[in-house]
Amino acid sequence: MVDYLDRLARDALDTISNGYYEVPYDVAFNDIISLKDSLIHARGNPIIAEIKPASPSIGEIRKNIDSTRLAEVMIRGGASGLSVLTEPKHFNGSIGYLSEIRRLSSHPILMKDFILAEEQVKAASNLGASAILLIYSLFERDYSNIELYEMIKLAHGKGLEVLLETHSVEEFKAGIQTEADLIGINNRDLRSLKTDIRLTESILSQVKKEDKFVVSESGIKSADDIRSLRDCGADAFLVGSSIMESHDPELKVRELVNA
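Anyway, here's the lowdown on the structure attached to this text. Keep in mind that this is a model prediction, so the values were computed, not measured.

A short note on the side chain of Ser-34
So, step 1. Tracing the sequence through the fold places Ser-34 in the loop between α1 (4–17) and α2 (35–40).
So, step 2. Engagement of the side chain of Ser-34 in a polar contact is seen with the side chain of Glu-161, the distance being 2.6 Å.
So, step 3. Apart from the residues within four sequence positions on either side, Ser-34 is in contact with Pro-108 and Glu-161.

So, in structure tokens, the structure goes:
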């Protein structure tokens, strides 16, 4: 059986070594808004709307995207934050998308990628991201030369918040003991790419989240999904494919915000 997480991690390391993340610091971003604060103070359900042109599980989702237009309609729909895929090989993402969106908006942006190296954290800071995603299992598998707690410290030193993604009870228990600003529960198993939206409920029914702000990720398609996840204790929701697949992303975001 193919372990997609290993493939994704190996390709991420290749992308890093090829210099993709070596971006200059050329603009002073003095108006960066906290992603966590934006989620906490959301009017309606706190939605992180994701700009994701493709995925390993679906393939191409949307062709020839206009990242700034997508960002604008997602914000009009009520998104509390934007997640921008910067991984180029499997998600057709681009660091250019993040740069373009930041230049036009002060809305909080999560840089979504397989972050394993210091240069990726520097790139996030240089491009004006508000936060980065770290995946617990990648550090557990030693794909990074930097320990997880050090990577979180490095991000905080650059003024970035951290969304730490987990996928099991054990990972969630460990995650809430870290200094991560937000704890994610990914309903998709990155080893097999299978999704089970009930995973969030399963984990939260077994482990107290303490004072951590929990983001449910992946497989969220409808207002009913949002209500169900909210009722089981999720605080915010990261939604990509169902918004990107919609003919009207603004309306789709609004439906989820108002669920």
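Considerations on the sheet that holds strand β4 (residues 81–85)
So, step 1. In space, the eight strands of this closed barrel follow the order β1-β4-β5-β6-β7-β8-β9-β10, with parallel pairing throughout. If you compare each strand with its neighbour and ignore which way they point, the axes differ by 25° on average.
So, step 2. Across three bridges, strand β1 (residues 47–51) lies against strand β10 (residues 236–239) in parallel orientation. Bridge pairing in β10 links Ala-49 to Val-239.
So, step 3. Packing against the sheet, helix α4 (residues 95–104) makes contact with β1, β4 and β5 (109–112), and its axis sits at approximately 150° to β4.

Points about unusual backbone geometry
So, step 1. One non-glycine residue, Glu-210, lies in positive phi territory at about 60°.
So, step 2. Relative to the assigned elements, Glu-210 resides in the loop between α9 (199–206) and β9 (213–217).
So, step 3. The exposed category is assigned to Glu-210, whose relative accessible area is 56%.
So, step 4. The backbone of Ser-218 sits at a positive phi, close to 80°, despite the residue not being glycine.
So, step 5. On the secondary structure map, Ser-218 appears in the loop between β9 and α10 (223–231).

With respect to the nonpolar core
So, step 1. Core analysis: the largest hydrophobic core is formed by 88 residues, its most contacted members being Met-74, Ile-132, Leu-134 and Phe-172.
So, step 2. Those residues in contact with Met-74 that sit more than four places away from it in its chain are Ala-49, Glu-50, Ile-51, Ala-79, Leu-82, Ile-243, Met-244 and Val-253.

Digging into the packing of aromatic side chains
So, step 1. Per the counting criterion, the structure on display carries two aromatic pairs.
So, step 2. A ring pair is formed by Tyr-20 and Tyr-21, whose centres lie 4.7 Å apart and whose planes are at 85°; its orientation type is edge-to-face.
So, step 3. Overall, the relative accessible area of 23% leaves Tyr-20 in the partly exposed class.
So, step 4. Considering the side-chain rings of Phe-91 and Phe-114, the 6.0 Å spacing of their centres and the 40° angle between planes classify their relative orientation as tilted. Of this pair, Phe-91 sits in the loop between β4 and α4 while Phe-114 is found in the loop between β5 and α5 (118–127), placing the two residues 23 residues apart along the sequence. Both residues of the pair, Phe-91 and Phe-114, count as buried.

What counts, and at which threshold
Residues numbered from 1 in each chain as written. Predicted model: local features only at pLDDT ≥ 70, side-chain atom pairs only at ≥ 80, totals over all residues. Heavy atoms only, no water. Helix = DSSP H or I, 4+ residues; strand = E, 2+ residues; numbered from the N terminus. Polar contact = N/O pair within 3.5 Å; in protein donor to acceptor, adjacent residues only side chain to side chain. Contact = heavy atoms within 4.5 Å. Pairing = 2+ DSSP bridges. Axes fitted to C-alpha atoms, helices over the stretch in contact; angles between N-to-C directions. Buried < 20%, exposed > 50% of the residue type's maximum accessible area, 1.4 Å probe, protein only. Core = buried A, V, L, I, M, F, W, Y, C linked by side-chain atoms within 4.5 Å. Phe/Tyr/Trp six-rings, centres within 6.5 Å; stacked < 30°, edge-to-face > 60°.

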